[in-house]
Protein chains: 2
Amino acid sequence: MDDIAADPSHPRYASLLMRHRLEVAARKGMLADSAMIAHGRGEAFDYLLGERTTDSAARAARQALATLQAAERPVLSINGNVAALACDEMLQLANHLSCPVEVNIFYRTPERMEAILDHMNERNQALGLTVPVLGHAPDAQIPGLKGPRAACHRDGLLNSDAVLVPLEDGDRCNALVAMGKSVVVVDLNPLSRSAQQGTITIVDEVSRALNAMLELARVEGEVQVDPSYDHAAVLNEGLAEMLASLKR
Amino acid sequence: MDDIAADPSHPRYASLLMRHRLEVAARKGMLADSAMIAHGRGEAFDYLLGERTTDSAARAARQALATLQAAERPVLSINGNVAALACDEMLQLANHLSCPVEVNIFYRTPERMEAILDHMNERNQALGLTVPVLGHAPDAQIPGLKGPRAACHRDGLLNSDAVLVPLEDGDRCNALVAMGKSVVVVDLNPLSRSAQQGTITIVDEVSRALNAMLELARVEGEVQVDPSYDHAAVLNEGLAEMLASLKR
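What comes next is a walk through the structure.

Calculation rules
Per chain, residue numbering runs from 1 following the sequence as it is written. Going through the entries in the order they are written, you letter the chains from A and number the ligands from 1. Reporting in this predicted model follows two pLDDT cut-offs: at least 70 for local features of residues, and 80 or more for side-chain atom pairs to be given and counted; totals over whole chains, interfaces and linings ignore these cut-offs and use all residues. Axis definition: a line fitted to C-alpha atoms, limited for helices to the stretch in contact. Angles are taken between N-to-C directions and run from 0 to 180 degrees. Numbering of helices and strands runs from the N terminus, with a helix taken as a DSSP run of H or I at least four residues long and a strand as a DSSP run of E at least two residues long. The scheme is simple: roughly parallel for angles under 35 degrees, roughly antiparallel for over 145, roughly perpendicular for 65 to 115, oblique for anything else. Left-handed is the label given to a crossing in which the near helix is rotated counterclockwise from the far helix by less than a right angle, and right-handed is the label when the rotation is clockwise. Contacts here follow a simple rule: the backbone-placed C-beta atoms of the two residues must lie within 7 Å. Charged means Asp, Glu, Lys or Arg here, nonpolar means Ala, Val, Leu, Ile, Met, Phe, Trp, Tyr, Cys or Pro, and polar covers whatever is left, Gly included. Here, any two strands with at least 2 DSSP bridges between them count as paired. Buried Ala, Val, Leu, Ile, Met, Phe, Trp, Tyr and Cys residues form a nonpolar core when they are connected through C-beta atoms within 7 Å. For every residue, the other C-beta atoms within 10 Å of its own C-beta are counted; 20 or more classify it as buried, 12 or fewer as exposed, and values in between as partly exposed. C-beta atoms are placed from the backbone. When the copies are superposed, the least-squares fit takes in the C-alpha atoms of residues with a pLDDT of at least 70 in both.

### Some remarks on the packing of helix 5 (residues 80-97) of chain A against helix 10 (residues 206-220) of chain A
All names here are of chain A.
So, point 1. Contact geometry for helix 5 and helix 10: axes closest at 9 Å, N-to-C directions at 15°. Between helix 5 and helix 10, the angle is such that the two are roughly parallel. Seen along the crossing, helix 5 lies across helix 10 with a hand that is left-handed. Mapping the contact onto sequence places V82, L85, A86, E89, M90, Q92, L93 and H96 in helix 5 and V206, S207, L210, N211, M213, L214 and A217 in helix 10.

Rendered as structure tokens:
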């Protein structure tokens, strides 16, 4: 594995690199038991997508970037798998948007929160960024959610107008939509509740989706929101891509 | 999780029970790092199948049972995930066939071999069975495979004429086919190398596939091999089931 992860010309390089990142995160205590299973489900859908950013995913990424740029109080939400797989990209996007990231996990324990917050803060410093990393001192609740998973920051997720929630649980995605926010989902399963319920859903592997947004921001700067953007139509295109791939 | 695993009426009962079995196996040291990711991939394909035994999977299970019953020296191969997910069913099928099971794992370490062998022997005793459990003293090699994953028993996998290899790696499946054996694969991904290369492939969740075979054996006893059975056609039907499910 380590040999392959060191050789970007290997055909499985990207996929194996992501597994390697998860293994490192698991050793740091950042992941719940279900994290690896969730990643495996994603791998299967990515396999059906051809492990590439499809045209519909690129369109969704453009609309997502435009929506976050146009927001007054955007926040990027981080869970264990996102911190493991795309920590640097999330920090770079938050830096571009001058907004905070907020660590917000489903199976909340003090140990996992600390491990993820430490990892985010370390990478923030290593990249020379000063992105506010929230999650350490929740002082509010997301309405409609029960227990520790409702915890959030008033100046973070609670009062945000647009949120990026990659690899998010369907209940929390739904609760954020119900608050009237623009909710940008990244999910490889176009049929998942999160993918269906989001305001904009990017059906793509999380690091590819974020790199597509960062590249757009670098090349084009401000991107315009497309008022004719059709969430359901773009999702159905993602599904059609998978169907076409299965037929081949 | 434990609450749900105790309630068979819960719609996610079967899926959550399988995860619970994997978590128990992980704690016993039976699983490699990649086991959970592999299971998640399976979950995604099972989701597309509708988490049920399709008609084509039932036909494949019938042919598989008939082939193993007709064999002179059948052997059932066990790896970490199979031991975790369907240990009892594998032992019951081996008992019906009066044949051994053989533990044979991809990432072979003495600790994992011992953990899996202990688990199999415990369950063998708990079920009141006396199935020979091989794998503890390999004295032969599967031709064409390199390193520890080639290790096998002469009186087990090496000299078998039919093998059941659920959730098997493509290289080892290929090597067994190349030895001229009838190779029965259980794999939820109809596009995987194992699924494609097998003599008979059951596209189904492993415990469902085994329970289907055990039920057939209980109700019908000896089952006849169908000389017109078409491996590729049955596989394509499995793929068509997934396509139809995606379209709905």
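### Comments concerning the interface of chain A and chain B
So, point 1. Contacts between the two partners involve 17 residues from chain A and, on the opposite side, 17 residues from chain B.
So, point 2. Sorting the residues of the side of chain A that touches chain B by element identifies helix 2 (13-27), helix 3 (35-49) and helix 11 (231-247) of chain A as the ones contributing at least two each.
So, point 3. Here the element with the most residues in the side of chain A that touches chain B is helix 3 of chain A; it accounts for nine residues.
So, point 4. The residue makeup of the side of chain A that touches chain B, split by class, is nine nonpolar, two polar and six charged.

### Thoughts on the sheet that holds strand 2 (residues 101-103) of chain B
Whether parallel or antiparallel, the strands of a sheet pair through hydrogen bonds between backbone atoms.
Residue and element names in this part refer to chain B.
So, point 1. In spatial order, the strands read 3-2-1-6-7-8; together these six strands make up an open sheet with parallel pairing. The sheet terminates laterally at strand 3 (133-134) and strand 8 (200-202), the two strands that pair on one side only.
So, point 2. Direction of pairing for strand 6 (residues 162-166) relative to strand 7 (residues 182-186): parallel, over a ladder of five bridges. In the strand pairing of strand 7, A162 is matched with S182.
So, point 3. Relative to strand 1 (residues 74-78), helix 5 (residues 80-97) is tilted by about 170°, and along the sheet it contacts strand 1, strand 2 and strand 6.

### Quick word on the sheet that holds strand 6 (residues 162-166) of chain A
Residue and element names in this part refer to chain A.
So, point 1. Here we have six strands laid out as an open sheet, ordered 3-2-1-6-7-8, and parallel in their pairing. Of all strands in the sheet, those bounded by a partner on one side alone are strand 3 (133-134) and strand 8 (200-202).
So, point 2. Here strand 1 (residues 74-78) pairs with strand 2 (residues 101-103) via three bridges, running parallel. If you follow S77 over to strand 2, its bridge partner there is E102.

### Structural notes on the nonpolar core
So, point 1. Counting residues in hydrophobic clusters, the biggest one holds 146 residues, and the most contacted among them are M90, V101 and V184 of chain A together with M90, V101 and V184 of chain B.
So, point 2. Beyond its immediate stretch of four places on either side in the chain, M90 of chain A contacts L76, I78, V82, V101 and L210 of chain A.

### What about the environment of L17 of chain B?
So, point 1. Looking at where L17 of chain B falls in the secondary structure, it is placed in helix 2 (residues 13-27).
So, point 2. In this structure the C-alpha to C-alpha distance between L17 of chain B and L85 of chain B, which are 68 residues apart in sequence, comes to 9.0 Å.

### Considerations on the pairing of strand 1 of chain A
Residues and elements named next belong to chain A.
So, point 1. In terms of burial, strand 1 is largely enclosed, as five of its five residues are buried.
So, point 2. Of the two faces of strand 1, the one carrying P74, L76 and I78 and the one carrying V75 and S77 are both buried.
So, point 3. Here strand 1 runs beside strand 6; their pairing, made up of three bridges, is parallel. When the bridges of strand 6 are listed, P74 appears paired with A162.

### Observations regarding the relation of the copies chain A and chain B
So, point 1. For the pair chain A and chain B, the best superposition has an RMSD of 0.0 Å and corresponds to a rotation of 180° with a translation of 0.0 Å parallel to the axis. Both chain copies can therefore be described as sitting about a two-fold axis.
So, point 2. Taken as a fraction of all interface residues of chain A, those also at the interface in chain B reach 100%, which identifies the copy contact as same-surface.

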